[in-house]
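Inside the fold
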There are 2 protein chains.
Amino acid sequence: MQDKCLNEENINQNIVRMQYAVRGPIVQRAAELEQQLQGPEGQSLPFKSIVRCNIGDCHATGQMPITFLRQVCAGLVSKETCEANLPADVKLRIDRILASCPGCSVGSYSASTGVEVIRRDIAAFLTERDGISCDFNNIFLSSGASEAIKLVLSLMSTGGEGAGKAGFMVPIPQYPLYSASVAELNAFQMSYYLDESTHWGLQLSELERAYDEAKTLCIPKAIVVINPGNPTGQILSKDDMKMVIKFARKRKLVILSDEVYQFNIYQPDKHPWSSFKSVLMEMGPGYADVQELVSFMSASKGYMGECGFRGGFAELVNIDPKVQAQLYKCLTAKLCPTVVGQAMIGTVCNPPKPNEPSYELFMKEKNQVLSDLANKAKLTSETLNSLPGISCNPVTGAMYAFPRINLPEKAIQAAKSQGMEPDFMYCLELLNTKGICVVPGSGFGQIPGTYHFRITILPPVELMQTVMKDIKQFHHDFMQKYS
Amino acid sequence: MQDKCLNEENINQNIVRMQYAVRGPIVQRAAELEQQLQGPEGQSLPFKSIVRCNIGDCHATGQMPITFLRQVCAGLVSKETCEANLPADVKLRIDRILASCPGCSVGSYSASTGVEVIRRDIAAFLTERDGISCDFNNIFLSSGASEAIKLVLSLMSTGGEGAGKAGFMVPIPQYPLYSASVAELNAFQMSYYLDESTHWGLQLSELERAYDEAKTLCIPKAIVVINPGNPTGQILSKDDMKMVIKFARKRKLVILSDEVYQFNIYQPDKHPWSSFKSVLMEMGPGYADVQELVSFMSASKGYMGECGFRGGFAELVNIDPKVQAQLYKCLTAKLCPTVVGQAMIGTVCNPPKPNEPSYELFMKEKNQVLSDLANKAKLTSETLNSLPGISCNPVTGAMYAFPRINLPEKAIQAAKSQGMEPDFMYCLELLNTKGICVVPGSGFGQIPGTYHFRITILPPVELMQTVMKDIKQFHHDFMQKYS
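What counts and how
Residues numbered from 1 in each chain as written. Chains lettered and ligands numbered in written order. Predicted model: local features only at pLDDT ≥ 70, side-chain atom pairs only at ≥ 80, totals over all residues. Heavy atoms only, no water. UniProt positions renumbered as here; feature names shortened; annotations may be inferred. Core = buried A, V, L, I, M, F, W, Y, C linked by side-chain atoms within 4.5 Å. Buried < 20%, exposed > 50% of the residue type's maximum accessible area, 1.4 Å probe, protein only. Contact = heavy atoms within 4.5 Å. Pairing = 2+ DSSP bridges. Helix = DSSP H or I, 4+ residues; strand = E, 2+ residues; numbered from the N terminus. Least-squares fit on C-alpha atoms with pLDDT ≥ 70 in both. Phe/Tyr/Trp six-rings, centres within 6.5 Å; stacked < 30°, edge-to-face > 60°. Right-handed = clockwise from strand over helix to strand, strands pointing away. Axes fitted to C-alpha atoms, helices over the stretch in contact; angles between N-to-C directions.

As annotated in an unreviewed UniProt entry, chain A carries the name alanine transaminase and comes from Cichlidogyrus casuarinus. Heading Pathway (unreviewed entry) of the UniProt record for chain A holds this comment: "Amino-acid degradation; L-alanine degradation via transaminase pathway; pyruvate from L-alanine: step 1/1." For the record of chain A, the UniProt heading Sequence similarities (unreviewed entry) holds the text "Belongs to the class-I pyridoxal-phosphate-dependent aminotransferase family. Alanine aminotransferase subfamily."

In structure tokens:
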């Protein structure tokens, strides 16, 4: 091994340090079990298949694609192959997008910021959503929201060491893309806790504590807010959002608003969703005209769940034009995001109108997915709450429940004696006995001494019912085993 | 402006420093002119359209997509829409790939390293290409080759300052992705010059000079080789490749082999192409079993030119398994490359076989593109060589000519008095008078005091003939103006 140029000690240590729990060791174990299920070994396993509730991967667990979106993308790839079977509104969108692609081909590079008509369609969508005019020049496309998020974090990273590191306020629990990117960029994570007792709400005192404790350890740059929450499934109230904006303004922090679940709203009357931009604009001069905000959106979630297409975008609000120019320059070396992926998120933002031929089917498919999700959200939190030793906030948004498990002391000791986090052991046993793959709370962060797991609400209704039954039984057995 | 959190001074200075000439100021000027051409202003311009010879963007300049590749990708996106029009071998590939996607949907995330059957198809292609067995576990997919290249450079970057920076040997002239990535990663560029007088060949003495001069200024990590060459259009001889391998072995450098133009070989008898892996394996024990190599491939070039699909892959050879595991872990936070893009490069590696229904059309389309390119390669270098004050190596590979212009002293002074690089001024005047967009040699690097530009050979044959005529006239006028 000493003959090798590269070894674990001399490569980029930020990469060695980074972790991404959503695809971490539990998921690798699930893959091993899936392999075993295919062979003779599989017969001795106490389940027939693995249910992947670890990742917001909608189609993987049986959700069907939305016909309209797929027709547009297929036609962009090979119009002559599918033309005969395409409704007029689909063809219209295909021709419009192709006309904006160099050489009328999705095989050409687009501008690094994205195909112009797609950026314009997104701007029109945001204008309508917020009732505030949106300039397409402030939008750039990306390969999923993840790429845009990493890029913006990188733009703000100073490259310093110690107290010279860029500091990013990240909610805990958080989506581990943030902690992974902060590690990879050698930045500083300023963690603030969400309040589980108030439906994962925000407290000003907690933001201030987190800021004050970390402000001499780094150069604070931005505050990340995930709304609807991942892994927590809550929706921020307007008051909480205003509080964040005032806090960010006072502390001179950019707001990074991860809004990829903005279509996943399950109790719109009781828990409506607002974009950060709309709330910011409501606050008027002194905020609306100065507070820097970057919001992120994706085709991977919502009702479409087209993760594999890697379509995403970011909107820049109040960013210094010179900074924006540097960001856009940095995009050029990446050439461009996948054009088909761009078309996917662009078409999500330009859906069929009521007078168009695809409207009826589109709405039927969309509403079916969203009402199923709302039912599964209810089923999941209600079932979990019915179990002794588990408490779960209602899932009012996004695609996950993040229940708290009050583990018996004996379980905690058993885990520690095996060098595992207690919630990791819980999830591992759930996987090994029931074939259900969920992610331990330790991968997202939690108040020390509390234990959680994240479970997606994505499997089809019937399967989700079975999953809940299995978890019920597993939990009962687990608690008995360690009582 | 002082009210802003982010300004040019406090953002990531590596991003401020990075440049990517292929989409730099000349190209921005071309975009302005394109805008003007659409308005009344356009009538006063001395040309009717802009010919973009600045970027290897095949379809943008009229190259047609390969039917088979597009059929497979369209069918993956919406099988029911196109099924009726698809040949059996296309359907076979669609079903095979879908069966390897979670939930049989390209809308699911794939494994972070890529869809398993696609990795296997690529491995089979490499096995056949090199006559050496290839393990699919050593292949990972990426969003174009660029993403894989940046990731591997990042993996090797130490994050140190001064002499602690990672050093990467980069050929000059080079494709500016390398210099841009080195800047962004705050690494150290160890430049070695290609020898223009021997058809952009390699000299051991030059590799040693470059290494020795820089070895105390950084921690040398890897040597980048671009073969076929970009922007230089040459093909490395096997002897040169063996020399690089011996040099890398002695100096303990990883070899990064950019082989994205491996299908663009225009004089296969005189200038055949070999993969670095095949040459390395030929060299036997002491090399084949130890020398670390990463090679890169893309669907964006070759005969297919599907840039917008962002399909690429890397093969890892002799990499320490622990290092490979860290690299793959890092991929997980990116979730996965675009699945349709993966399918594109996967299908390139699994083309129709002689007994399959799509074979004939596929070969016809492929051979047409390649023979056109070979003709345009010849036309370009011959025309350029016929001009007094220009010399151009033959284009035996890739998609570019990189002619040297011997600029008159008066032109050099005129450029300098305007604060421009002389070759930049040459390219700007070519754009302003003829509407032809090429990239100045200074964007790729060149021996100080020499001047070049990079021109693609991609526009259709007839247009390429006009381009050559226009350049001839422009060059004549330019030389007169500054004589």
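1. Thoughts on the nonpolar core
By size, the foremost hydrophobic cluster in this structure holds 284 residues, and its most contacted members are A:Phe140, A:Leu256, A:Ile455, B:Phe140, B:Leu256 and B:Ile455. What B:Phe140 contacts, discounting residues up to four positions off in sequence, is B:Thr113, B:Ala148, B:Leu151, B:Val152, B:Gly312, B:Phe313, B:Ala314, B:Leu316, B:Leu327, B:Tyr328 and B:Leu331.

2. Digging into the sheet that holds strand β14 (residues 453–456) of chain B
Strand pairs in the sheet, formed through backbone hydrogen bonds, run parallel or antiparallel to each other. Read from one edge of the open sheet, three strands run β10-β14-β13 (chain B), paired in antiparallel fashion. On the outer flanks of this sheet lie β10 (400–401) and β13 (439–440) of chain B, each paired with one strand and no other.

3. A few points about the relation of the copies chain B and chain A
Laying chain B over chain A is done by rotating through 180° and shifting 0.0 Å along the axis; what remains is an RMSD of 0.0 Å. The relationship between the two copies is best expressed as a two-fold rotation axis. Most of the interface of chain B is mirrored in chain A, where 100% of its interface residues are also at the interface.

4. Examining the packing of aromatic side chains
Applying the stated rule across the entire model yields 28 aromatic pairs over all chains. Relative to A:Phe444, the ring of A:Phe402 has its centre 5.7 Å away and its plane inclined at 85°; by these criteria the two rings are edge-to-face. With A:Phe402 in the loop between β10 (400–401) and β11 (404–405) and A:Phe444 in the loop between β13 (439–440) and β14 (453–456), this residue pair connects regions lying 42 residues apart in the sequence. Given the relative accessible area of 2%, A:Phe402 is considered buried. Ring geometry for B:Phe140 against B:Tyr328: centres 6.0 Å apart, planes inclined by 70°, an arrangement best described as edge-to-face.

5. Overview of the pairing of strand β6 (residues 254–258) of chain B
Residue and element names in this part refer to chain B. Among the five residues in β6, five count as buried, and that is most of the element. Of the two faces of β6, the one lined by Val254, Leu256 and Asp258 and the one lined by Ile255 and Ser257 are each fully buried. With five bridges connecting them, strand β5 (residues 219–226) and β6 associate as parallel partners. Within β6, the residue paired with Ile226 across the bridge is Asp258. In the classification by handedness, the crossover that spans β5, the intervening helix α10 (residues 238–251) and the parallel β6 is right-handed. Summarising the sheet, β6 and strand β7 (residues 293–298) pair through four bridges and their orientation is parallel. The residue of β7 that forms the bridge with Ile255 is Leu293. A crossover links β6 with its parallel partner β7, the connecting element being helix α11 (residues 276–282), and its sense is right-handed.

6. A word on the sheet that holds strand β4 (residues 188–193) of chain A
All names here are of chain A. Spatial strand order, β2-β8-β7-β6-β5-β3-β4: seven strands in an open sheet with mixed pairing. One side of each edge strand has no neighbouring strand; the edge strands of this open sheet are β2 (139–143) and β4. Each strand axis lies, on average, 25° off the axis of its neighbour in the sheet, ignoring direction. Across the sheet, helix α10 (residues 238–251) touches β3 (166–172), β5 (219–226) and β6 (254–258), and the angle it forms with β5 is around 170°. Sheet strands in contact with helix α12 (residues 321–332) are β2 and β8 (311–317), and its direction is about 30° off that of β2.

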